[in-house]
Amino acid sequence: MRCVSVPSGLRLLARITDDSEAAVSDVPDTPEAPSRDFRRLGPRAAPTHPLALVPAVGPERTVDAFVREYLEELNFSQGAPLARSTVNHQYLALARTVRSYLMADWLETAARRREQPTKMVGYLSAEYLLGRQLDNALLNSDLAEIVEQAMAALGLDLNELRAQEVEPGLGNGGLGRLAACFVDSLATMDVSCIGFGIRYEYGIFTQVFTPDGRQVEAPDNWLALGAPWEFPNPDRAVRVSFGGHTETYADDSGRERRRWVPGWSVRGIPYNYMVPGYRNGVANTLRLWSAEATSAFDLETFNSGDYVDAVRAQTFAQNISKVLYPEDSTPQGRELRLQQQYFFVACSINDYLHGTLSKDFDLTRLPEQIIFQLNDTHPVIAIPELMRILLDEHGMNWDQAWAITSRCFAYTCHTLLPEALEVWPADLVGRLLPRHLEIIYGINDQFLDLVRATYPGDELRVRAMSIVAEAPFKGIRMAHLAAVAATKVNGVAELHSTLLREKVLVDFARLWPEKFTNVTNGVTPRRFVRMANRPLADLITSTIGDGWVRDLEKLRELEPYADDAAFREAFRAAKRANKERLAGIALRTGDLVLPTDHLFDVMVKRLHEYKRQLLKLLHIVTTYESIISGEVTPEQVTPRVVIFGAKAAPGYRMAKEIIHLINRVAAVVNADERVCGRLQVVFPANYNVTLAERIIPAADLSEQISLAGKEASGTGNMKLALNGALTIGTDDGANVEIRRLVGDENFFLFGLTEPEVADLQRQGYSPGSYFESNPTLRRAIGLIASGHFTDGDRSVVGPIVGDLLANDRYLVLADFQSYLDAQARVDAAYGDQDAWSRSAILNVARCGFFSSDRAMRDYIDRIWGAEVRR
Ligand SMILES: *Cc1c(COP(=O)(O)O)cnc(C)c1O
């Protein structure tokens with residue numbers, strides 16, 4: 001295998017064959033560059049100054065001290081005296097001052113973990129959808145009151161400073177937000193964990209709508225105004241190689257071995273972020289890698305006069321961490337994406353082996369020290385990377401290396417959609433990572449031997465289980481590689497884990513039943529209740545104390561208050577306050593008046609056909625049509641404000657058409673006087689964590705209407721229920737568990753079940769028959785098709801209507817009537833406000849299970865082992 005892949009015109013990147021005995025080299029990049037041997041802290045003289053001998057302590061926690069620290073930061077770090085400072089200066093100074101208060105915890109936590117090492121969790125995730133940091137830091141460090149007083153005393157508007165923060169949108173949606181919730185919970189539980197990921201220079205795009213209502217993507221330049229929460233650490237840069245070829249050679253003892261002779265390499269620079277636990281003095285680390293060019297091999301090029309070329313090469317390397325791929329659940333097999341994946345796991349594993357473990361550590365004991373949790377298939381290339389290090393760099397034989405590697409990883413599957421399971425073309429892997437491809441083939445050969453021995457003569461099964469797919473192209477099935485190598489494989493909700501076992505990975509579950517487990521997802525109650533919903537949080541705390549923030553099952557103590565009229569009234573007042581806050585934002589940003597006594601009906605999540613925003617839209621159009629046709633008077637409908645939030649992947653045509661249609665329907669419905677404002681549709685652009693924190697607390701109704709068997713878990717459903725919204729939903733993902741916990745009478749169930757869906761599709765689903773037999777459906781689709789919402793232009797709606805009637809892959813029409821019936825039950829229930837509040841309170845009281853703290857306990861109990869606890 002000798003295939004060098006180097007972009008043309010970038011010769012200098014290829015010129016590293018002389019020091020390439022190790023792909024992740026231990027050689028300093030340049031004579032001037034700091035040594036990569038970052039464990040060496042000395043030699044240095046003993047300090048004599050008395051201050052150097054005093055342990056560092058953080059600043060005092062008083063308003064005066066905070067003001068002093070803040071002004072110091074503003075004046076001497078930002079270089080901006082208060083009177084001449086901009087809002088951005090003021091925000092940056094605030095963030096950095098708060099950060100300095102957290103620093104003592106971070107140092108102390110790190111020192112404690114060094115002194116009393118426990119097994120560590122290395123959470124490997126290509127995405128972290130963090131949300132804004134300031135309020136989270138204030139809450140967890142219990143500095144909010146001091147900061148409020150300090151800012152007021154300086155004449156600064158804290159809310160204005162808050163609004164200045166650009167959230168790090170380093171994820172697409174649920175999967176990235178889950179990773180952020182998990183690291184938050186692990187810090188709160190004082191579990192030793194490093195979250196490893198990528199510091200994308202551009203995170204998830206900023207969504208804007210054209211006047212016509214189409215989505216346009218603007219780059220998310222989140223670093224432009226400064227990144228006050230991060231600590232770059234170039235001293236701990238790691239080298240990562242790509243390309244080249246492999247070769248056989250004889251080692252010192254004459255043994256024949258394989259090695260990788262890479263073609264080019266880049267440097268990974270770690271950027272550390274603190275992950276503070278909730279008021280426990282703990283701060284863990286999130287380590288995000290940024291790619292830079294190496295420079296060790298540039299001298300020759302610089303000498304030959306190609307100075308500008310040499311500098312340009314820097315850009316090539318930086319491309320690797322330049323931008324987050326905006327596809328959610330539908331990966332594109334792009335070379336740069338594989339580069340990103342390998343880049344960050346290679347950095348992370350190397351950083352752990354060479355930066356955290358001591359030099360003389362006995363690697364056979366590695367599985368006692370670390371468990372790498374693979375968040376979906378994106379980091380699965382870490383498996384052959386660890387094998388490569390053990391085989392090629394530490395000279396182990398295959399069985400030794402496999403015995404270690406096969407105990408160091410656990411894999412979380414996040415999907416049921418076949419198109420979401422990554423399959424990398426083998427020739428691409430071979431070109432980019434030739435040694436890894438050999439190792440993957442080695443793992444597969446050994447695995448298929450086992451399959452053949454277990455099921456003699458069953459070549460069909462061998463082909464189905466193989467890590468290497470032969471058709472439609474030769475490809476590496478990353479989920480199979482993960483299932484083979486991982487100690488545990490988990491799904492993210494009970495139904496999802498069952499379907500994994502029975503369908504997606506059925507052969508693996510039969511072979512290794514004990515490998516498969518479930519951990520139902522969770523969300524952090526700190527960000528999504530305590531921070532986002534102060535009115536409700538304060539009511540809960542004044543009723544049952546504040547223990548719930550750390551132990552969410554305590555919400556159970558609210559159950560009796562569901563029957564307490566005064567509590568119900570207070571609960572409604574909290575909901576009203578949240579609705580008013582959202583209405584204020586809508587008025588300021590969209591010039592919309594949202595009546596807060598109307599039912600706030602919320603569907604916020606990525607736009608995907610399987611999530612069925614179209615079903616929600618058909619309900620809106622049905623209600624609208626029934627009013628304008630005179631079938632009902634406006635007074636007869638339950639007044640609703642329907643709130644959408646959704647980004648579509650830029651290349652996902654149908655999803656973008658649906659966004660366009662929602663906006664067109666919204667414009668027409670909102671402007672039609674016949675509706676008398678009793679139906680409004682609002683679709684604020686750019687749904688992100690910050691917007692989620694505003695919308696979710698204001699929701700009365702939570703739309704979780706995916707086709708049964710398609711949503712792995714959902715976490716938006718949990719956030720909404722915990723904020724006192726009632727769910728209208730299918731029997732899908734974690735909805736199943738929400739309904740079981742809150743009770744049928746407090747949940748609006750509709751739609752086909754997963755087995756019914758499977759049956760219907762087996763028989764051959766025909767959407768046309770539903771259309772023909774349902775006059776309400778015909779009228780709604782007819783109104784859309786007529787161009788009523790698109791100025792008479794039918795070509796705009798053609799693709800959507802055409803696809804619904806011809807294919808309807810996600811059975812929107814089959815579930816339509818059932819959905820309408822459930823919405824009628826919602827209307828009836830909302831008419832009795834006391835009964836509604838009772839249900840909403842019970843939703844809050846009974847959903848403590850969905851804390852990500854509980855999810856982390858389950859990972860410890862079922863996957864990581866108790867050794868990760870101190
Ligand atoms: C929670 C969350 C999601 C996930 O929502 P689902 O309804 O589970 O798909 C996506 N985006 C953001 C910003 C979130 O906060």
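The structure displayed is predicted, hence computed values, not measured ones. (Residues numbered from 1 in each chain as written. Predicted model: local features only at pLDDT ≥ 70, side-chain atom pairs only at ≥ 80, totals over all residues. Heavy atoms only, no water.)

1. A short note on the environment of Leu811
No. 1: Position of Leu811 among the secondary structure elements: in the loop between α31 (798-806) and α32 (812-831).
No. 2: It is 41 Å that separates the C-alpha atoms of Leu811 and Glu165, two residues lying 646 residues apart in sequence.
No. 3: Among all residues touching Leu811, those that are not within four sequence positions of it are Arg612, Leu707, Leu752, Val757, Leu760, Gln761 and Tyr765. (Helix = DSSP H or I, 4+ residues; strand = E, 2+ residues; numbered from the N terminus. Contact = heavy atoms within 4.5 Å.)

2. Things to note about the sheet that holds strand β16 (residues 468-469)
No. 1: Judged by pairing direction, the sheet is antiparallel, and its 3 strands sit side by side in the order β15-β17-β16 without closing on themselves. Two strands close off the open sheet at either side, each with one partner strand: β15 (423-425) and β16.
No. 2: Pairing of β16 with strand β17 (residues 475-477), which is carried by 2 bridges, proceeds in the antiparallel orientation. Looking at β17, one finds that Ala469 is bridged to Gly475.
No. 3: Lying on the sheet, helix α17 (residues 478-485) is in contact with β15 and β17; it crosses β17 at an angle near 45 degrees. (Pairing = 2+ DSSP bridges. Axes fitted to C-alpha atoms, helices over the stretch in contact; angles between N-to-C directions.)

3. Describing unusual backbone geometry
No. 1: Note that the residue after Ala471, namely Pro472, is joined by a cis bond; omega there is 0 degrees.
No. 2: Mapped onto the secondary structure, Pro472 falls in the loop between β16 and β17.
No. 3: The phi dihedral of Asp142 falls on the positive side, at around 55 degrees, and the residue is not glycine.
No. 4: Looking at the element boundaries, Asp142 is found in the loop between α4 (134-140) and α5 (144-153).

4. Thoughts on the environment of Arg640
No. 1: Among the secondary structure elements, Arg640 is positioned in strand β21 (residues 640-645).
No. 2: On a C-alpha basis, the gap between Arg640 and Glu115 in space is 58 Å, while along the polypeptide they are 525 residues apart.
No. 3: Beyond its immediate sequence surroundings of up to four residues, Arg640 is in contact with His598, Leu599, Asp601, Lys616, His619, Arg678, Leu679, Gln680, Leu701, Gln823, Val826 and Asp827.
No. 4: Among the polar contacts made by the side chain of Arg640, one reaches the side chain of Asp827 at a distance of 2.9 Å. (Polar contact = N/O pair within 3.5 Å; in protein donor to acceptor, adjacent residues only side chain to side chain.)

5. Structural notes on the pairing of strand β1 (residues 120-124)
No. 1: Among the 5 residues in β1, 5 count as buried, and that is most of the element.
No. 2: For β1 and strand β4 (residues 193-198), the ladder comprises 4 bridges, and the chain directions are parallel. When the bridges of β4 are listed, Tyr123 appears paired with Gly195. (Buried < 20%, exposed > 50% of the residue type's maximum accessible area, 1.4 Å probe, protein only.)

6. Quick word on helix α21 (residues 534-544)
No. 1: Among the residues making up α21, those that are buried are Leu536, Ala537, Leu539, Ile540 and Ile544. One side of α21 carries all its buried residues, which in axial view fall inside an arc of 165 degrees.
No. 2: A distance of 3.1 Å separates the backbone nitrogen of Leu536 from a side-chain oxygen at the start of α21, and that oxygen is part of Asn533.
No. 3: Positive backbone phi, approximately 85 degrees, marks Gly545, located one or two places after α21. (Arc of directions from axis to C-beta.)

7. Details of the site of the ligand
No. 1: Around the ligand, a shell composed of 14 residues is seen, among which Lys605, Lys611, Thr715, Gly716 and Lys719 lie nearest.
No. 2: One of the backbone nitrogen or oxygen atoms of Gly716 is found 2.9 Å away from an oxygen atom of the ligand.
No. 3: Separating an oxygen atom of the ligand from a side-chain N or O atom of Lys719 is a distance of 2.6 Å.
No. 4: Those elements that provide at least two residues to the shell around the ligand are α25 (689-695) and α26 (716-722).
No. 5: Structurally, the shell around the ligand is a two-domain feature, drawing no fewer than three residues from each of domain 1 (18-55 + 117-131 + 167-519) and domain 2 (591-850). (Near = heavy atom within 4 Å. Domains from an automatic or database assignment.)

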